[in-house]
Amino acid sequence: MQQTAVINIVGLTSGLLDNETLFLSRWIKKKAAKSLIEPVFPALTCSVQATYLTGKWPSEHGIVGNGWYFREEAEVKLWRQSNKLVQAPKIWDMAKAIDPEFTCANMFWWYNMYSDADFSVTPRPQYWADGQKKPDCYSQPAGLRDRLQQTLGTFPLFDFWGPKTSVKSSKWIADASKLVHEWHDPTLMLIYLPHLDYCCQKFKQGAPEITKDLKEIDAICEDLILFFEAKGVNPIIVSEYGITNVSNPIAINRTLRDNGHIAIREERGLELLDAGQSSAFALADHQIAHVYIKNPSQIAAVKALLETIPGIERVLDEKGKKEYHINHERAGELVCIADKDSWFTYYYWEDDRRAPDFARTVDIHKKPGYDPAEMFFDRKKKMLFPRIVIKLLRKKLGFRTVMDLISLDSGLVKGSHGRIDTDDVDKPVFISTSAIKEKISAIDVCPLVLNAIFGEDARKIQQTDRITEKELTD
């Protein structure tokens, strides 16, 4: 077996690699080959990663976005972490069927918890009874978390997501990955570096801030690649999607509300979307939106309504979902795709004074949709930074304090992703020292990584394609 490290640089594209001052650009010219990945739909973190790790479409593995509507619970849930939600064998399952001596370390790829990977680390905050959220991570084996944080310090959660995002979280993950390799020497390392994802949503393409962050993540990659090469480990670089300019936020739920589909529950004068009572509502997720419709007889009428909304390029019904490989029971009855200049907000209230209290906070689990505005402080608040200091002090003293500092201005968002009809310069990449085709499909990533580990043994790889969940369990 050839030891391999797959480094996932979110947001990296062929266009960004045109910068010849980058280590990655020089490394590709000297040692590697670059292939464009035809992105999976939807081009969203959880769907893409599940596709790369299974070699299956969302219609087969069931990860239809960064979350979905759990119909049996009548609740929207995003950013779940159990690997049991992925309904297909993963790359480590396939590899162990080829060689039982294979081991895998999963460093921060999503759906990380409770899998059969040998080593895993993922963000997992502590939620204290007094309302505080404390940075932490989860690991398997459990002691790995303690050993890493004793060596590197506490995982910098607030640099991983929110208005304070920085390169610190990616640097921590990279350093932790090197330590895990030294301590456990796995056959395959899966490493997730999110840093580039944030600035590309906050700034337009070509902005100096993007160049700065690109160079920061490039330096981390240089360190990782040189580290692995010195250890005889084969590095592979992948990315999930390209982030393109947007300027038109679509408040799809407000249109559904105006047409009588959204049910609202009022608490303390604030409005909560009642998904279980709504005849139709949308789970907004970047440039796609799953629309869940209670009564099948209303699907055609809701589809006709959605097709009138400016910025919506296409509305997928059952036939369309099959065409895009997203025909799974977790998907909405309809799936909307924004045009290249647009993206979907989850906002359903019509008056910001009645927005729920979590709308102005970083709270990825309560919001019925993805909210990129969580990366922006509300600059309209007077004395913003003194407010932050006072709120943090209150929290440290044990007082319950709402960190209501996030903007509700969706116009601040400058980049998005999710649609797959993009120019080649904005497509994700697969970079390997082995010869590869100029373009590959997203479902090719899994077999290509297996080939890198086990060589061109087509018979074994084909055998793994026939492995079922039942066979793996048996």
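Structure first, text after, so check above.
Residues numbered from 1 in each chain as written. Predicted model: local features only at pLDDT ≥ 70, side-chain atom pairs only at ≥ 80, totals over all residues. Heavy atoms only, no water.

## Focus: the overall build of the protein
Okay, step 1: Across its full length, the protein holds 16 helices and 23 strands.
Okay, step 2: Relative to the compact-globule value of 23 Å for 474 residues, the protein shows a C-alpha radius of gyration of 22 Å, a close match.
Okay, step 3: Over its C-alpha atoms, taken along the principal directions, the protein stretches across nearly 60 × 55 × 45 Å.
Okay, step 4: Within the protein, buried positions represent 57% of all 474 residues.
Okay, step 5: In the protein, 71% of the contacts between residues at least 6 apart in sequence involve partners at least 24 apart. (Helix = DSSP H or I, 4+ residues; strand = E, 2+ residues; numbered from the N terminus. Rg over C-alpha atoms; globule rule 2.2 N^0.38 Å. Buried < 20%, exposed > 50% of the residue type's maximum accessible area, 1.4 Å probe, protein only. Contact = heavy atoms within 4.5 Å.)

## Topic: the packing of aromatic side chains
Okay, step 1: Taken as a whole and judged by the stated rule, the model has 21 aromatic pairs.
Okay, step 2: Between the aromatic rings of Phe 41 and Tyr 324, the centroid separation amounts to 4.9 Å while the plane-to-plane angle is 65°, which identifies the pairing as edge-to-face. With a gap of 283 residues between them, Phe 41 in the loop between strand 2 (33-38) and helix 2 (45-54) and Tyr 324 in the loop between helix 12 (318-323) and strand 19 (334-338) connect regions that are remote in the sequence. Judged on exposure class, the residue Phe 41 and its partner Tyr 324 are both buried.
Okay, step 3: Taken together, a centroid distance of 5.2 Å and an interplanar angle of 80° make the contact between Tyr 348 and Trp 349 edge-to-face.
Okay, step 4: Joined through ring pairs, the aromatic side chains of Phe 108, Phe 155, Phe 160, Trp 172 and Tyr 192 make up one cluster.
Okay, step 5: Taking NZ or CZ as reference, Lys 134 lies 5.2 Å from the ring centre of Trp 128, over its face.
Okay, step 6: Taking NZ or CZ as reference, Arg 147 lies 3.8 Å from the ring centre of Trp 183, over its face. (Phe/Tyr/Trp six-rings, centres within 6.5 Å; stacked < 30°, edge-to-face > 60°. Lys NZ or Arg CZ within 6 Å of the ring centre and 35° of its normal.)

## Here's the deal with the sheet that holds strand 18 (residues 312-316)
Okay, step 1: Spatially, 16-17-19-18 is the arrangement adopted by the four strands of the open sheet, whose pairing is antiparallel. Where the open sheet ends on each side, the last strands, each with one partner, are strand 16 (280-285) and strand 18. Going across the sheet, the axis of each strand differs from the next one's by a mean of 20°, ignoring polarity.
Okay, step 2: The pairing of strand 18 with strand 19 spans four bridges and is classified as antiparallel. From the neighbouring strand, Ile 312 faces strand 19, where its bridge partner is Ala 338. (Pairing = 2+ DSSP bridges. Axes fitted to C-alpha atoms, helices over the stretch in contact; angles between N-to-C directions.)

## Quick word on the packing of helix 8 (residues 195-202) against helix 9 (residues 208-230)
Okay, step 1: Packing of helix 8 against helix 9 leaves a shortest axis separation of 9 Å and a crossing angle of 175°. Here helix 8 lies roughly antiparallel to helix 9, going by the angle between them. Contacts between helix 8 and helix 9 involve His 195, Leu 196, Cys 199 and Cys 200 from the former and Ile 210, Asp 213, Leu 214, Glu 216 and Ile 217 from the latter.
Okay, step 2: Residues that form the contact of helix 8 with helix 9 fall into these classes: six nonpolar, one polar and two charged. (Parallel < 35°, antiparallel > 145°, perpendicular 65-115°, else oblique. Nonpolar A, V, L, I, M, F, W, Y, C, P; charged D, E, K, R; others polar.)

## A few points about the pairing of strand 3 (residues 67-70)
Okay, step 1: As judged from the four bridges shared by strand 3 and strand 4 (residues 75-78), these two strands associate in the antiparallel manner. Pairing of Gly 67 across the sheet is with Leu 78, part of strand 4.
Okay, step 2: Where strand 3 folds back on strand 4, the antiparallel hairpin that results is connected by four residues, among which Ala 74 adopts a positive phi of roughly 55°.

Shape is all these values report; function is a separate question.
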